[in-house]
Structure formats: structure tokens, C-alpha cells
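# Reading the structure
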Amino acid sequence: MATPMTAVQVVGQLKKWGIRYVEIPGWATHNRNRKGAWGPVNGFVWHHTGADVTNAKTYAASTLYKGLARLPGPLCHFSIGKDGLVYLVGWGRANHAGGGDPNVLQHVISEDYTGQLKPTRGNSNGVDGNAHFYGVEIQYSGSHQMADAQYAAARRLSAAILDFHGWTERSVIAHGEWSSDKWDPGYAPGKIMAMPGVRADVKATLTAGPTQEDDPMAGMTKQDIFDAVWKTDAITAPSDAVDVKTNKTWQAQSMLRDIQARVRANTAAEAAQTAAIAALAKLVGSGVDTAAVVAAVREEIRDAVIKVSVEVNGPDAT
């Protein structure tokens, strides 16, 4: 039993545990507090959305943030896309847990149980779970296993919450362990995940601590990697470059762009040199002024290098 984290505190925990996240605009003050209590909190509930979402951010900002016709948002505090990215949807009371079994609540509060929890009460005759739990909506249908990146993020997110409150893995439960009406998160149609194994994995993640980060590239698409590397201006102007203080049009190139420019220039120079050598080989002994030919070739090589440099770096780079 604990006072809920503030929005600032939860962001701090996400950063501490190296969790990649996106803030949906307005999330920090978006809640249903006017309709009922928010806290004390006792645990963390995992859900699945019931659909394989194709646009994670749009879904988080629309359906989960705004809610449904008969169920106003926010519908969770966190959501996890297929790539493992965590979305902050709301903070405070959220419509995610609904009614549940009071016996389950007591087990979670005391962290005193083994195996899978079996609720006998639900929305129509249960106690208010929205006041007692943080909730995450994992964006998949439940008719199959969630993506590896989602599972890794859910474990890490759970550990971040447990770490803040000093809870054990037994404070993490499935929606289907809270309410008799539900079976999420699932791994096959109508089948809830084996939560004892999930809690064992959460415990291992919590024990390893925040310094044992998961692969930061897990779940990243080729486009994500391209944007992160190619579009990052990561180097300063070299000593032989233009003076960036006086030339206001100069922009730093990323390291890969700089390497690309040098490779293209060297390739052009090599091609010109190869052609020159071949030409000279034909002229030797023919009475042609080879010194004049060499001078002309040198000029061709210089012009080729300048041309490539201008194409890659712009006119100021020469």
C-alpha cells in the first residue's frame, strides 16, 4: 500500500531504468480523479488491447487517451507498442482495472500467495480496482504471444514501479487474475499467460537492477536506425574546414556523411589516375610529350576531386 508516484517521479523511474518512452500530450494531468479515489496503490496490472495495433502512437493518443463511447479515457497509465516503446497515456485514476476480487486485492497487498490467482468476482460484483492499481495496455490481440520487445519492456517497466515502492514481483498481476470477466494478457485465444513465470522474469529483471539494460536497439526498424545515425550531426568542423564562426551557412556533417564524401573523392581520384596511367603507357616511345600529358592529367584529377567535393559538401567545402 503506497501513495501513487507523481508524474515527475514516474518519468524519473523510466529514465533510471533506461526505458524508451513517448509522452502523449497532456498525459500528466489526464485522469478520472473527479469520479473516485486514486490511491493508495497496491500493484501493477498487465492488460492486452485485444487488437494487433499497427500505429502505436496514434492508438495511444486516440483510443487509450480518449477512451470509448461507454468508457472514457484514460484507459491506462502506460501502453507498449510492438517495438517495446512505452507511451505515457494518463496519470491518476484510469479506467483500466474495473471491478475485481477483494480476496485477490488482499493477496496483492500482503504479497502473500503462490501460483496463479483465481478471481471469483468481476465488474458487476467486485471492488474498485481503478483506485488501487497502475495499469499497462500492451498493444497486441492476446490470441498469440506478445512481441519479445514488448515483453522485455513490460518486465522492465514493472521493475521500475516495484523499485520505487519497494514491492516484490507479487505486486504484478494480470487483469485476468484480478477480474473473473477477463483473460488478459493472453498468449492464445481465451488463455491467460502463465503469470508465475512472468513474475519470475520480473523478479530477475528487478534483481539485475537498472544498470543491466536490455539491448537499446531491440525493436528498432531500419528506418529508426537510419534516422538515429545518418541524421545526427555528431562531429565538429575539422581544422582544415571553413570557419564555422564566420560562415553562417555551414552545417556540421554527420560522421558517415564525412566518410562518404572522402570515399567518393578518393574513388574519383583513383579512377582518374588509372585512366592517366593507361594513357601514358600507350604514349611511351611514341614521341609524344609525356610531361605535357602528365600536367594535363593532373588538372583532370584536381577537377574531378573538386566536382565530387562540391556535390557532397556544397560549394563552401572547397
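The structure reproduced in this document is the subject of the present report. Fair warning: this is a prediction, and the values are worked out from it, not measured in the lab.

Before going further, it helps to spend a moment on the sheet that holds strand E5 (residues 78–80). Two strands in a sheet stick together by hydrogen bonds in their backbones, pointing the same way (parallel) or opposite ways (antiparallel). On the basis of which strands lie adjacent, the open sheet formed by six strands has the order E1-E6-E5-E9-E2-E10 and mixed pairing. The open sheet terminates on both sides in strands that have one partner only, identified here as strand E1 (21–23) and strand E10 (172–174). The sheet shows a mean angle of 25° between the axes of neighbouring strands, taken without regard to direction. The pairing of E5 with strand E9 (residues 133–138) spans three bridges and is classified as parallel. Bridge pairing in E9 places Ser79 opposite Glu137.

Right, let's talk about the pairing of E9 for a bit. By the criterion of burial, E9 is predominantly enclosed, with six of the six residues buried. Residues Phe133, Gly135 and Glu137 line one face of E9 and the alternating positions Tyr134, Val136 and Ile138 line the opposite face, and both faces are buried. Taken together, the six bridges between strand E2 (residues 43–48) and E9 define a ladder with parallel strand orientation. Its bridge partner lying in E9, Val45 is registered against Gly135.

The space that makes up the second largest pocket amounts to roughly 390 Å³. In terms of lining residues, the second largest pocket is bounded by 19 residues, among which Leu68, Leu71, Leu75, Glu137 and Lys182 are the most central. Residue assignment for the lining of the second largest pocket shows that the elements contributing at least two residues are E2 and helix H2 (56–66). It is H2 that contributes the most residues to the lining of the second largest pocket, three residues altogether. Partitioned by chemical class, the residues of the lining of the second largest pocket number six nonpolar, ten polar and three charged.

All right, on to the packing of aromatic side chains then. Evaluated as defined, the whole model comprises nine aromatic pairs. Between Phe133 and Trp178 the ring centres are 5.0 Å apart and the planes differ by 65°, which places this aromatic pair in the edge-to-face class. Taken together, the positions of Phe133 in strand E9 and Trp178 in helix H5 (residues 175–178) put the pair 45 residues apart, joining distant regions of the chain. Each member of the pair, Phe133 as well as Trp178, is classed as buried. Both rings, one in Tyr134 and one in Trp167, keep their centres 6.5 Å apart while their planes meet at 50°; by these two values the pair is tilted.

Let us now look at the packing of helix H1 (residues 7–16) against helix H4 (residues 148–165). Packing of H1 against H4 leaves a shortest axis separation of 9 Å and a crossing angle of 120°. Of the possible angle classes, the one that applies to H1 and H4 is oblique. When you trace H1 past H4, the crossing you get is right-handed. The residues of H4 that touch H1, namely those facing Gln9, Gln13, Leu14 and Lys16, are Leu157, Ala160, Asp163 and Phe164. For the contact of H1 with H4, the residue count by class is four nonpolar, two polar and two charged.

Reading the values: the criteria
- Residues numbered from 1 in each chain as written.
- Predicted model: local features only at pLDDT ≥ 70, side-chain atom pairs only at ≥ 80, totals over all residues.
- Heavy atoms only, no water.
- Pairing = 2+ DSSP bridges.
- Helix = DSSP H or I, 4+ residues; strand = E, 2+ residues; numbered from the N terminus.
- Axes fitted to C-alpha atoms, helices over the stretch in contact; angles between N-to-C directions.
- Buried < 20%, exposed > 50% of the residue type's maximum accessible area, 1.4 Å probe, protein only.
- 1 Å grid on protein atoms, 1.4 Å probe; cavity = no way out; pocket = protein on both sides within 12 Å on 5 of 7 lines; lining within 4 Å.
- Points joined across faces, edges and corners; volume = space filled by probe spheres on them.
- Nonpolar A, V, L, I, M, F, W, Y, C, P; charged D, E, K, R; others polar.
- Phe/Tyr/Trp six-rings, centres within 6.5 Å; stacked < 30°, edge-to-face > 60°.
- Parallel < 35°, antiparallel > 145°, perpendicular 65-115°, else oblique.
- Left-handed = near helix turned anticlockwise from the far one by under 90°.
- Contact = heavy atoms within 4.5 Å.

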